[in-house]
Amino acid sequence: MTRLSYLLLLPLACMLWACGQTQAPPPSEKPAYVLAIHGGAGTIRKDLMTEEKDVAYRASLRAALTAGEEVLKNGGDAMDAVIAAITLMEDDSLFNSGRGAVLTSEGTAELDASIMDGQSLNAGSVAGVKTIKHPILAARLVMDSSVHVMMAGLGADTYGEMNGLEIVDNSYFITGRRKQQWEKKQEQESTAIKKKYGTVGAVALDQNGNLAAGTSTGGMTNKRFGRVGDAPIIGAGTYADNKSCAVSCTGHGEYFIRNVVAYQSAAQMQFSGKSLEEATNHIIHEVLPPQGGTGGLISVDKDGHVNLPFNTSGMFRGFVKAGEPIKVAIYEEEPK
Ligand code: ASP
């Protein structure tokens with residue numbers, strides 16, 4: 001070859017080398033497991049939060065994620081991980097679920113919870129229970145031990161008690177903070193429900209590729225007794241299907257019911273070919289706001305992607321993927 005041909009071939013060789021260098025990295029591997037949680041969305045602003053509370057919320061989110069991750073790390077089921085995270089948050093009076101739940105117009109606690117298994121599409125839920133210490137366990141009981149999906153009120157409380165769930169007096173759920181909140185609301189003599197939330201939820205993907213979702217709440221402050229929100233309604237507040245994703249919602253429940261938000265996320269993925277991010281962002285940022293629907297959701301899909309959109313000023317949230325550190329966030333901020 002002449003010197004001239006070498007000179008002509010040189011740019012081509014350089015181009016080929018450059019192409020090799022800029023090749024797209026291989027698609028990132030699916031994590032062995034994933035867990036995401038929320039502790040409610042709403043008017044949660046940094047300027048209205050004390051440093052102490054900020055730190056306490058983040059610590060509680062980390063504790064719940066640690067408890068759930070322990071299950072997944074050891075090869076446990078997505079469902080067990082969801083239960084582990086939610087029972088811990090139900091015990092934690094910072095959140096509006098179990099102890100620390102918000103109160104109805106009558107000053108009592110009426111709790112809603114649901115759970116769904118993405119493999120079998122089995123689901124269980126309870127609405128308006130007043131004495132079951134861990135409503136999420138009652139939801140699981142309905143799923144595992146009854147032929148029903150949903151039980152409400154006294155029937156649900158009785159079923160839980162008959163089957164050995166821990167029973168408490170309704171006063172157990174009522175903390176000083178919620179009582180004060182309720183009294184203030186009564187003074188205002190307003191029937192409007194307060195737009196500050198605190199529901200808890202968890203979604204998980206386990207090492208066998210199964211998805212699960214669960215949600216637990218006291219509902220909305222000063223709700224009419226007997227009112228049921230989205231949390232115990234399968235498809236509205238909670239949904240899981242191994243074909244698409246697992247979702248748990250938080251926010252103004254009436255809007256989440258009307259828009260079947262959790263199921264709509266899964267359906268948009270399955271039938272419209274949207275990614276998890278596209279489907280859930282669309283609902284939270286485009287479908288709900290024009291109607292006045294405020295809130296957010298946590299979601300994980302069958303490939304381990306996570307999306308945690310909200311259209312309020314904040315949402316207590318966090319997630320963990322196998323081999324990565326736990327990340328939590330409260331306001332508009334990158335989870336860390
Ligand atoms: N979605 C719940 C309800 O409407 C409230 C919340 O998420 O805080 O009952």
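Everything numeric here is computed off the predicted structure, so don't read it as measured data.

(A) Layout of the packing of helix α2 (residues 51-73) against helix α3 (residues 78-91). Interaxial distance between α2 and α3 falls to 8 Å at its minimum, and their mutual angle equals 155°. In this view, α2 runs roughly antiparallel relative to α3, as classed from their interaxial angle. Every pair of crossing elements has a handedness; the one defined by α2 and α3 is right-handed. Within the contact between the two elements, α2 uses Ala-63, Ala-64, Ala-67, Gly-68, Val-71 and Leu-72 and α3 uses Ala-78, Asp-80, Ala-81, Ala-84, Ala-85, Leu-88 and Met-89. Its residues assigned to classes, the contact of α2 with α3 comprises eleven nonpolar, one polar and one charged.

(B) Examining the site of the ligand more closely. Around the ligand sit eleven residues in total, of which Thr-199, Arg-227, Asp-230, Thr-250 and Gly-251 are the nearest. One nitrogen or oxygen atom from the side chain of Asp-230 is found 2.6 Å from a nitrogen atom belonging to the ligand. With respect to the ligand, the backbone of Gly-253 contributes an N or O atom lying 2.9 Å from an oxygen atom. When the ligand is considered free in solution it has 270 Å² of accessible area, and contact with the protein chains removes 100% of it. Considering only residue class, the shell around the ligand consists of two nonpolar, seven polar and two charged.

(C) A look at the sheet that holds strand β3 (residues 123-129). Judged by pairing direction, the sheet is mixed, and its eight strands sit side by side in the order β4-β3-β2-β6-β5-β1-β11-β12 without closing on themselves. Either end of the sheet is taken by a strand with one partner, and the two such strands are β4 (150-152) and β12 (327-329). When strand polarity is set aside, the average angle formed by the axes of neighbouring strands in this sheet is 5°. Across three bridges, β3 lies against β4 in parallel orientation. Opposite Ser-125, over in β4, you have Met-150 as the bridge partner. Helix α4 (residues 135-145) rests against β2 (111-117), β3, β4 and β6 (211-217) of the sheet, and its axis sits at about 135° to β3.

How each quantity is defined
- Residues numbered from 1 in each chain as written.
- Predicted model: local features only at pLDDT ≥ 70, side-chain atom pairs only at ≥ 80, totals over all residues.
- Heavy atoms only, no water.
- Axes fitted to C-alpha atoms, helices over the stretch in contact; angles between N-to-C directions.
- Helix = DSSP H or I, 4+ residues; strand = E, 2+ residues; numbered from the N terminus.
- Parallel < 35°, antiparallel > 145°, perpendicular 65-115°, else oblique.
- Left-handed = near helix turned anticlockwise from the far one by under 90°.
- Contact = heavy atoms within 4.5 Å.
- Nonpolar A, V, L, I, M, F, W, Y, C, P; charged D, E, K, R; others polar.
- Near = heavy atom within 4 Å.
- Polar contact = N/O pair within 3.5 Å; in protein donor to acceptor, adjacent residues only side chain to side chain.
- Areas by Shrake-Rupley, 256 points an atom, 1.4 Å probe, with all protein chains shown as cover.
- Pairing = 2+ DSSP bridges.

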